[in-house]
Amino acid sequence: VDSPEAQCRDGSATGIGVRYGSGSGVAIYFEGGGACFNTLTCQANPSSFNGGDFNSYAKNANGGIYDANNPDNPLADWTFVFVPYCTGDVHAGARPDASIAGVGGTQQFVGYLNVEKYLERIVPTFIADTDHVLVTGQSAGGFGAAFNYDRIADAFPGKKVTLLDDSGPPMSDAFMVPCLQKMWRDAWGLDDTMPADCANCFPANGGGIVNLGRYLGNKHTGQKLGLISSVGDNTIRFFFGFGNDNCTALLPSTTVERFTMGLNDLRDNWLDKPDDTWGTFYLSGEQHTWITGGSFTSATSGGGVKLIDWVRDLLDGAVANVEP
């Protein structure tokens, strides 16, 4: 579905994909794909996404939560709205015509503004007939799902709106250091897109993004919110490593031990209140993303708890913290 007013990072037009299901649930899925905030990261981040790209993606989008033929998949009959990722800002930017040192041309970091345009079409199309909306995504899309959850939940008043963040953990300042967060805030204009009434989301040092998780839990206490991550996620560890040496690291990296500490801190001290709102599913190893491939049905953790069963419980309104 073309959305001429929505833009990718290179200024080209983009849109959203839709697959209609037979059930009443609607899943809004945010695609992942890195980020653009310095020369290295921008080189590996897609800057455009058109209908042809969507057709190529859709040919392979039939596993995990997309699998309509798996009777065990709790989302098998859901309608899916696919939000492509081509803005480099984890779907959270509001900074058009931006510049990044060492990267040619102007960058349209307008992921958050794009979602505003998409919701103008999505909400009136589905609000009357849906009883449950899932806001989900992987990697950058996991961050994007969390950043956009508040306004999507507000746009569907009286509906069940669940968050499922796959591999986008917003850690505290001790593990996702403030200078890195400030780099993202400045590059993408995050201060203009985070909820204005999240009092602790705007500290002077540029950190504090972790407070968004607590804000969402406190505001949407009747909803269920979930986070999936491996304890050694090799991709997110790489990106967090750009914060090393006061954000001057030439070879970004984060140890598995430190990343695991950050995940545990996030679960125990930031996503712990109010009770029965947030749930986490942590897995051993270094795999990055889980819900759109075979791992969605095969992955187990915490002494044999299946990921697919944890997701089903989340959708049914029961949250749990599952250990690796």
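Please refer to the structure placed before this passage.
A brief structural summary. (Residues numbered from 1 in each chain as written. Predicted model: local features only at pLDDT ≥ 70, side-chain atom pairs only at ≥ 80, totals over all residues. Heavy atoms only, no water.)

**Considering the packing of aromatic side chains**
Any pair of aromatic rings gets described here by the distance separating the centres and the angle formed by the planes.
Then, in step 1: Evaluation of the coordinates by the stated rule reveals 18 aromatic pairs.
Then, in step 2: Seen in terms of ring centroids, Y20 and F126 are 6.1 Å apart; in terms of plane orientation they differ by 50°. Their pairing is tilted. Pair noted here: Y20 is in the loop between strand 3 (17–19) and strand 4 (25–30) and F126 is in helix 3 (residues 111–126), with a separation of 106 residues, a long-range link.
Then, in step 3: For Y20, a relative accessible area of 60% translates into the label exposed.
Then, in step 4: With centroids separated by 6.3 Å and ring planes inclined at 75°, the aromatic side chains of F37 and W188 adopt a geometry described as edge-to-face. (Phe/Tyr/Trp six-rings, centres within 6.5 Å; stacked < 30°, edge-to-face > 60°. Helix = DSSP H or I, 4+ residues; strand = E, 2+ residues; numbered from the N terminus. Buried < 20%, exposed > 50% of the residue type's maximum accessible area, 1.4 Å probe, protein only.)

**Observations regarding the state of the cysteines**
Then, in step 1: Tallying each qualifying case throughout the model produces four disulfides.
Then, in step 2: There is a disulfide in this structure between C8 and C86, and the S-S distance comes to 2.1 Å. Between C8 and C86 the disulfide shows an S-S torsion of about -75°. By sign, it is left-handed. Here C8 is found in the loop between strand 1 (2–7) and strand 2 (13–15), whereas its partner C86 is found in the loop between strand 5 (79–83) and strand 6 (95–98), with 78 residues between them in sequence.
Then, in step 3: Note that C36 is cross-linked by a disulfide to C42, the S-S spacing being 1.9 Å. (Disulfide = S-S within 2.5 Å.)

**A closer look at helix 11 (residues 307–316)**
Then, in step 1: Listed in full, the buried residues belonging to helix 11 are L307, I308, W310, V311, L314 and L315. Looking down the long axis of helix 11, one finds its buried residues gathered within 160° of arc, a one-sided arrangement.
Then, in step 2: Once helix 11 ends, the next one or two residues include G317, with phi positive near 105°. (Arc of directions from axis to C-beta.)

**A closer look at helix 5 (residues 178–188)**
Then, in step 1: Of the positions making up helix 5, those classed as buried are P178, L180, Q181, W184, R185, A187 and W188.
Then, in step 2: Immediately beyond the C-terminal end of helix 5, within one or two residues, lies G189, with a positive phi of roughly 75°.

**Points about the nonpolar core**
A general tendency of soluble globular proteins is for nonpolar side chains to be buried together.
Then, in step 1: I28, I122, V135, F147, L163, W184 and W188 are the most contacted members of the largest nonpolar core, which totals 67 residues.
Then, in step 2: Looking at this core element by element, the count peaks at eight residues for helix 4 (residues 140–155).
Then, in step 3: Ignoring anything within four residues of it in the chain, the contact list for W184 reads F37, M176, G189, L190, I209 and F240.
Then, in step 4: Judged by nonpolar contacts, the second largest core, of 28 residues, contains A27, F80, L283 and V322. (Core = buried A, V, L, I, M, F, W, Y, C linked by side-chain atoms within 4.5 Å. Contact = heavy atoms within 4.5 Å.)

**Thoughts on the environment of F240**
Then, in step 1: When you line up the elements, F240 lands in helix 7 (residues 234–240).
Then, in step 2: Since its relative accessible area comes to 4%, F240 is described here as buried.
Then, in step 3: For the pair formed by F240 and R185, sequence separation is 55 residues and the distance between their alpha carbons is 15 Å.
Then, in step 4: Not counting residues up to four positions away in its chain, the partners in contact with F240 are F143, P169, M171, F175, M176, L180, W184, T254 and F259.

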